[in-house]
Structures are given as structure tokens and as C-alpha cells.
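Tertiary structure, described
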Amino acid sequence: MSEQVIASQPPRIFLGAYANRLTPVHEEWTLESSEEAQAMREDLLPDEYWREFVNRWRGYEDAASNSNVSLIGGCCGIGPSHISLLSSKLNNIQSLDH
């Protein structure tokens, strides 16, 4: 019974999550040795961002693992088209939940 009460309460800790499109940084990399901006990944289009990150953060692939992430966004290279898709999908899911 106590688990049901806890599960029914809104999260007390608000979690945020965001990723970027930067390519991985090599272990030997240093700011001093960097001569140009870090390259962007070319494979992280809006749909891939949704599938690769947001599904995992929100636990949509496994309802039992919902992480209660309450703020989702993006950083370097995550642009308006990514955020627009996230907004649309999250709004659709929220309307189905209510």
C-alpha cells in the first residue's frame, strides 16, 4: 500500500535532461590543443533524438521505468526542429494520459 501512495504523489525532485549533437571527445583532447570547434554529429536528426534519448529518459519503452524527467531540452546542435518534434510528441502523449 505504501508503494501505491508514493507512486501516486508527484515527484518531489524535478529532473532535467538534454543532449547535444557534438561528436565524442577523445581522451587526449585538451582545450589548449583545440584549433577549431568540435564537429557536430550528422546522424542525430529530430526523430533519432526522440528515439535515442527522450524515450529512454521518460521511460516510454518500459512503463515501469518512468524516470519522472520533467524538463527535456537540447544543447549544442539541437535546434528548433528537434524541440518542435519533442513538443509535439510530448503534448500528444500527455493528452493521451489525461
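Whatever comes next refers back to the structure up there.
Structure report, in brief. (Residues numbered from 1 in each chain as written. Predicted model: local features only at pLDDT ≥ 70, side-chain atom pairs only at ≥ 80, totals over all residues. Heavy atoms only, no water.)

A separate point is helix H2 (residues 46–58). Along H2, the largest kink reaches about 25° and is centred on Glu-52. Buried residues of H2: Pro-46, Tyr-49, Trp-50, Phe-53, Val-54, Asn-55, Trp-57 and Arg-58, and no others. (Bend = angle between axes of the 7 residues up to and from the residue. Helix = DSSP H or I, 4+ residues; strand = E, 2+ residues; numbered from the N terminus. Buried < 20%, exposed > 50% of the residue type's maximum accessible area, 1.4 Å probe, protein only.)

Another aspect to go through is the layout of surface pockets. Looking at the second largest pocket, its volume works out to about 170 Å³. Around the second largest pocket, the lining residues are Thr-23, Pro-24, Val-25, His-26, Trp-29, Ser-34, Glu-35, Glu-36, Ala-37, Gln-38 and Ala-39. Grouping the amino acids of the lining of the second largest pocket by side-chain chemistry returns five nonpolar, four polar and two charged. (1 Å grid on protein atoms, 1.4 Å probe; cavity = no way out; pocket = protein on both sides within 12 Å on 5 of 7 lines; lining within 4 Å. Points joined across faces, edges and corners; volume = space filled by probe spheres on them. Nonpolar A, V, L, I, M, F, W, Y, C, P; charged D, E, K, R; others polar.)

A few words now on the pattern of salt bridges. Summed over all chains, the structure comprises three salt bridges. Between Arg-41 and Glu-52 there is a salt bridge, and its shortest N-O distance comes to 3.4 Å. A residue pair is termed long-range when its members are at least 10 positions apart, and Arg-41 in the loop between strand S1 (15–19) and H2 and Glu-52 in helix H2 qualify at eleven residues. Of the residues examined, Glu-52 reaches a relative accessible area of 34% and is grouped as partly exposed. Between Glu-48 and Arg-51 there is a salt bridge, with the nearest N and O atoms lying 3.5 Å from each other. In this pair, Glu-48 and Arg-51 both sit in helix H2, three residues apart, roughly one turn of the helix. You can call Glu-48 partly exposed: its relative accessible area is 24%. Of the residues examined, Arg-51 reaches a relative accessible area of 48% and is grouped as partly exposed. (Salt bridge = Lys/Arg side-chain N within 4 Å of Asp/Glu carboxyl O.)

Let's shift gears to the nonpolar core. Counting ten residues, the largest nonpolar core consists of Ala-19, Leu-44, Tyr-49, Trp-50, Phe-53, Val-54, Trp-57, Ile-72, Ile-78 and Leu-86. For this core, the element with the highest residue contribution is H2, accounting for five residues. Leaving out residues up to four positions away in the same chain, Leu-86 has contacts with Tyr-49, Trp-50, Val-54, Ile-72 and Gly-73. (Core = buried A, V, L, I, M, F, W, Y, C linked by side-chain atoms within 4.5 Å. Contact = heavy atoms within 4.5 Å.)

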